[in-house]
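# Close look at the chain arrangement
Residues per chain are reported as follows:
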Amino acid sequence: MNAQISPRPDPHALVGGFLARTHELFIDGKFVPAQSGQTFDVINPATGEVFAKAAAGGAADIDLAVKAARKAFDSGPWSTLNAPGRRNLLWKLADAIEKNAEEFATLESMDNGMPLMMARFAVAGSAECLRYNAGWAGKINGETPTISAPNHHVYTLREPIGVVGAITPWNFPLAMEVAKLASALAAGCTVVLKPAELTPLTAIRLGQLIAEVGFPAGVVNIVTGFGDPAGKALALHPDVDKISFTGSTAVGKSIVAAAAGNLKRVALELGGKSPVIVFPDADLERAIGGAADGIFRNSGQVCVAGSRLFVHQSVFDKVVDGVVERAKKLKVGSGMEPDTQMGPLVSQKQLERVSGYIQSGSEEGAEVVVGGKRVEGKGYFMQPTVLAQTNRDMKVVREEIFGPVVCAMPIDDDDLDRIVKLANDTDYGLSSNIWTRDISLAHKLARRIKAGTVRVNGGVGLDYALPFGGYKQSGWGRENAREGVEAYTEIKSVSVAL
Ligand code: NAD
C-alpha cells in the first residue's frame, strides 16, 4: 500500500467547533431538531468513545423532508432553474468542499476510521464527482427517432424523475452521498438523503455548505437517523419517485419490497465477493501489491474488495506469501496517525461480524496463514488476515465479510471454462480483477465474467466517467457516467401528426 506520510493536522482546531454543536436535520433549507427530540451517539471507531451526537430522525421528519423536496420540485425555484443554473450550483458546492477539504477529511477519518490520506483522497474525489456531473446538467438530451408512420414529427424528452430518496452506507460516507446527489441534482431532481447512522457527520457538514452556496430550500434535505425507522419510512413513502440505495444486499431486498407500494423506481448498489485471478505470466510483484491493496484498503470495508484470490498453482505459494508479507508489514492504527495504513473497523458490531467469519472459516477447515485476531486495546482494530485451504462451500468464500480477510484458492489447471466457472461461482457480480500479460486471455475472460467491472492488471475500479454497478445480487442499475445521470430521468415520447 502506498500511503504517504503527511503532516498531522490539529484535529481539535479543525473540527472542534463543529463537533461541539448540536447536530440537527436539514429540512427545507433549515436546520431543525428531530421531532421526537431524540439524538444518537456518534462513536470514534479508533477509540470506541462517543465524540458527537446527531439527531435521530424518524418517519415524521422524513415526511416533512419529502414534502419540502416535493414542493421544491413541483413549484419551487428548482422547477424553473435552467441547466446552467444547476451546473453552477454543483460547481460551487465542489469549490466549497475543496475549500474545507481538510475539515471534511478529518471528520471522515474520525467518524469512519479510515486513514486520513484515504479520507483526503475521497474528499477530493467527491468534489471531482460534483464537477463531472455539473457537466451533464446541460447535456441531458432526448432523440428524434425515425418511426414507421408517415407524416409525423416525433421526439423523446428526458425529464427529471422527481423526488429521490438516497440511502447510503458508512464505508465511504461523503463519496457515496455525493455520488447520488451529484447525478440526481444534475438531472433536475430533488433529494432526501438518509446517511448511515454510523457515520452521519460529513453529511451534516455537507448540508451546511449546500445552504451556504445557495441551493434553494427543499432541493436537498438531510435526515440523519437509523435504517429503521428513517430509511424504512423513506423507502415506503408514497410521494418519493425513486430510491437510490447503496448498502447490503439484505437491506436492498427490503427496499424493493417497501418500494412496491407506489412502484417507485429503485436503484441498488449492493454487496460483492469479487474474484482476483492471477495467472503465472503476470507481473507478480504488481499482482501481489494489487491483491493486498484490494482487500486491506479501508480495512476491507469496500464493496469491490477482492475477497476471493484465485492463483494459478504454479505461482500460488509465491503470490500468497507475498500477500502475507504485505499483511505483516501493514501499519494498523488510528486513521489520524500519519503513518497508519489500515484503520479500525467501523464498529464493535462489524468487529464481531468479521471475527465470527474467521472463526467459522477455521471451524470449516480453513488455515489462518496470517492475522485472524482483533488487535487488543481500545478501538475496533482487526489484523489483516489471509485464509488458505478454503473452498467454495465455506461461508467465508460464499458470503461478503466486509473486513480485511481474503480467501486464497489455487487454480489447478489451464482450462478457461473452469476458471470462468470459479470466478462466477457467487451470488454477487460487482467487480473482478485479472492479472496476466496475455492480452487475448484477459479480453476473453473480461467478456465472460459476470460482473459490472473488470479490472485488468490493476485498471481503475472507479471513475466518474465509467458506469458502476452490479450483476446478479450486487444490484440494479448503474451509477456514474451518462447512465448514472439518465437513471434519474423518465423518458417521454412526443408524437406530432404533421
Ligand atoms: P446497510 O445495508 O446495513 O445500511 C445501508 C443504509 O441503509 C444505511 O443508511 C442504513 O441506515 C439503511 N437501512 C438499514 N435498514 C434499512 C431499512 N430497513 N430500510 C431502509 N434503509 C435501511 O449497509 P452498511 O452496513 O451501511 O454498508 C455495507 C454494505 O454496503 C456492504 O454490503 C457493502 O458491500 C455495501 N456497499 C455497496 C456499494 C456499491 O456501490 N455496490 C458501496 C458501498 C457499500
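See the structure above.
My aim in this report is to walk through the structure given alongside it, one point at a time. None of the values given here were measured: they were computed from a predicted structure.

About the cut-offs
- Residues numbered from 1 in each chain as written.
- Predicted model: local features only at pLDDT ≥ 70, side-chain atom pairs only at ≥ 80, totals over all residues.
- Heavy atoms only, no water.
- 1 Å grid on protein atoms, 1.4 Å probe; cavity = no way out; pocket = protein on both sides within 12 Å on 5 of 7 lines; lining within 4 Å.
- Points joined across faces, edges and corners; volume = space filled by probe spheres on them.
- Helix = DSSP H or I, 4+ residues; strand = E, 2+ residues; numbered from the N terminus.
- Nonpolar A, V, L, I, M, F, W, Y, C, P; charged D, E, K, R; others polar.
- Pairing = 2+ DSSP bridges.
- Buried < 20%, exposed > 50% of the residue type's maximum accessible area, 1.4 Å probe, protein only.
- Polar contact = N/O pair within 3.5 Å; in protein donor to acceptor, adjacent residues only side chain to side chain.
- Contact = heavy atoms within 4.5 Å.
- Near = heavy atom within 4 Å.
- Areas by Shrake-Rupley, 256 points an atom, 1.4 Å probe, with all protein chains shown as cover.
- Salt bridge = Lys/Arg side-chain N within 4 Å of Asp/Glu carboxyl O.
- Core = buried A, V, L, I, M, F, W, Y, C linked by side-chain atoms within 4.5 Å.
- Axes fitted to C-alpha atoms, helices over the stretch in contact; angles between N-to-C directions.
- Parallel < 35°, antiparallel > 145°, perpendicular 65-115°, else oblique.

So, about the layout of surface pockets. Within this model, the second largest pocket holds a volume of roughly 320 Å³. Looking at the lining of the second largest pocket, the elements that each hand over two or more residues are strand 12 (306-312), helix 14 (395-398), strand 15 (405-411) and helix 15 (416-424). Of the residues that constitute the lining of the second largest pocket, the class distribution is 8 nonpolar, 3 polar and 7 charged.

If you walk across this open sheet you meet the 7 strands as 13-14-15-12-11-16-17, and the pairing is mixed. Where the open sheet ends on each side, the last strands, each with one partner, are strand 13 (367-370) and strand 17 (455-456). For strand 12 and strand 15, the ladder comprises 5 bridges, and the chain directions are parallel. By the bridge assignment, R308 is partnered in strand 15 with C407.

Let's shift gears to the side chain of H237. You can see H237 is positioned in the loop between helix 9 (227-236) and strand 9 (242-246). Looking at H237, the relative accessible area reads 11%, which means it is buried. A polar contact of 3.0 Å, which involves the side chain of H237, links it to the backbone nitrogen of D239. Filtering out sequence-adjacent residues up to four positions away, H237 remains in contact with I62, D63, V66, N262 and K264.

Residues in close proximity to the ligand total 28 residues, the closest being K194, E197, S248, L270 and E400. For the ligand, whose accessible area on its own is 840 Å², the fraction buried by protein is 88%. Breaking the shell around the ligand down by element, the ones donating at least two residues are helix 9, strand 9 and helix 10 (249-259). Residues belonging to the shell around the ligand are distributed by class as follows: 14 nonpolar, 9 polar and 5 charged.

In total, this model carries 27 salt bridges according to the counting rule given. D413 is the partner of R418 in a salt bridge, and the nearest nitrogen-oxygen pair spans 2.9 Å. Using a relative accessible area of 33% as the deciding quantity, one classes R418 as partly exposed. Connected through salt bridges with shared partners, the residues R70, D74, D239 and D241 form a single ionic network.

In terms of nonpolar packing, the biggest core is built from 98 residues, with I97, F215 and V278 touching the most fellow members. Per-element tally for this core: the top contributor is helix 6 (residues 116-136), with 10 residues. Counting residues in each nonpolar core, the second largest holds 29 residues, with F310, A423, I434 and L441 among its members.

What follows deals with the pairing of strand 4 (residues 49-55). Sheet analysis places strand 3 (residues 39-44) next to strand 4, joined by 6 bridges and oriented antiparallel. Each residue of the ladder has a partner; that of T39, found in strand 4, is A55. From the end of strand 3 to the start of strand 4, which pair antiparallel, there are 4 residues, and G48 there has a positive phi angle of about 75 degrees.

Between helix 1 (residues 11-20) and helix 5 (residues 101-112), the least distance of the axes is 9 Å, while the angle of their chain directions is 80 degrees. Taken together, the axis directions place helix 1 and helix 5 in an arrangement best described as roughly perpendicular. For the pair formed by helix 1 and helix 5, the contact residues are P11, L14, V15, F18 and L19 on the first element and E102, E103, T106, L107 and M110 on the second. By residue class, the composition of the contact of helix 1 with helix 5 is 7 nonpolar, 1 polar and 2 charged.

Read these as geometric descriptors, not functional statements.
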